[in-house]
Amino acid sequence: MHIAQDLHQALEDEQFIVYYQPIVDLARRDKVVKAEALIRWLHPSRGMIMPLDFISVAEETGIINDIGDWIFKQAAQQTRRWQQDYLTDFQIGVNKSPVQFHSQDGLHRHWTDYLRGLHMPADSVVIEITEGLLLDDSHNTAKKLLHFKECGIQVAIDDFGTGYSALSYLKKFHIEFLKIDQSFTRNLAPGSSDLALCEAIIVMAHKLGIKVIAEGIETRQQRDFLAQAGCDYGQGYLFAKPMPAGDFEQLLKAQQ
Ligand code: G
Ligand code: G
Ligand code: MN
Ligand code: NA
């Protein structure tokens, strides 16, 4: 198996697929208002390959930048159609690994130009980055994030709580969303420390003007605990798994 070489072919032959996982508004009867774009690779002989099995290789070879560019454009075009047909303020989250984030300097300009070309507001897109990125400031992370902010593209901290959460970065950087990691939502129960942590994160985020998305919600009970704690948005198998665009569109149609 030659993942590194195959990745080039994959881009050329458009073997990648964008899956979409709904993000629901917990205060609006779990209405689907956003999605996270998640890449899949339909390999001609090996079948479906998941991102964890090729993203790090793509980062090592540098092709991650082209893949990231491709997925951004796909997701943006799709989001434009859904905004026109179903929800004018529909928003899409796109993952950006630290490698991608650091190796492309004018990314914010490139992205806003592309969105303007599609006649979409820049805040249609949220970049999802991990905590690790914020801790290592040797690459001008703060300046780069500010560029996105100034252009109108929003920022979410993904997997929140799993890194070396230096809370000071929450005020230092301009962040719109925190995504509570699934490891916290999994064991929610009355009196549990995970529930206490979720509640504290939500209160803190709100005081800083940051909205909260809880990931990995699989049960009604988890959903209700989080909604009760004031969590803004939810994502997880309870609502839906990541799915191809056609299936996602059926969801949007059904809730009209
Ligand atoms: O469902 P799932 O297996 O898609 O995602 C696994 C991991 O892969 C997640 O941590 C997610 O952030 C990452 N991932 C999914 N799509 C992309 C992408 O387009 N770019 C990057 N950098 N990571 C992605
Ligand atoms: O980008 P991030 O690291 O947050 O990636 C999200 C990952 O979590 C993806 O692999 C996605 O398929 C997965 N996921 C989304 N919802 C659930 C869920 O409810 N349960 C579990 N176990 N995984 C989920
Ligand atoms: Mn993510
Ligand atoms: Na996550």
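The structure this text deals with has already been given above.
All values reported here derive from a predicted model rather than from experimental measurement.

Novice: How would you sum up the site of ligand 1? Please name residues and give values.
Specialist: In the region of ligand 1, the neighbouring residues are Leu38, Ile39, Met50, Pro51, Leu52, Ile55, Gly68, Ile71, Asn95, Ser97, Gln100 and Pro242. Of all the secondary-structure elements, those providing two or more residues to the shell around ligand 1 are β2 (31-43) and α3 (64-85). The residue makeup of the shell around ligand 1, split by class, is eight nonpolar, four polar and no charged.

Novice: Quick rundown of the pairing of β2? Include the residues and the values.
Specialist: Pairing of strand β1 (residues 16-25) with β2, which is carried by 10 bridges, proceeds in the antiparallel orientation. Pairing of Ile23 across the sheet is with Lys34, part of β2. Between β1 and β2, which pair antiparallel in sequence order, lie five residues; one of them, Arg29, sits at a positive phi of approximately 50°. Note: β2 against strand β4 (residues 91-95), four bridges, orientation parallel. Residue Ala35 lies in a different strand from β4, and its bridge partner there is Ile92. Examined bridge by bridge, β2 and strand β3 (residues 47-49) share three bridges and lie antiparallel to one another. Its bridge partner lying in β3, Trp41 is registered against Ile49. Hairpin connection from β2 to β3: three residues lie between these consecutive antiparallel strands.

Procedures and definitions
- Residues numbered from 1 in each chain as written.
- Chains lettered and ligands numbered in written order.
- Predicted model: local features only at pLDDT ≥ 70, side-chain atom pairs only at ≥ 80, totals over all residues.
- Near = placed C-beta within 6 Å.
- Helix = DSSP H or I, 4+ residues; strand = E, 2+ residues; numbered from the N terminus.
- Nonpolar A, V, L, I, M, F, W, Y, C, P; charged D, E, K, R; others polar.
- Pairing = 2+ DSSP bridges.

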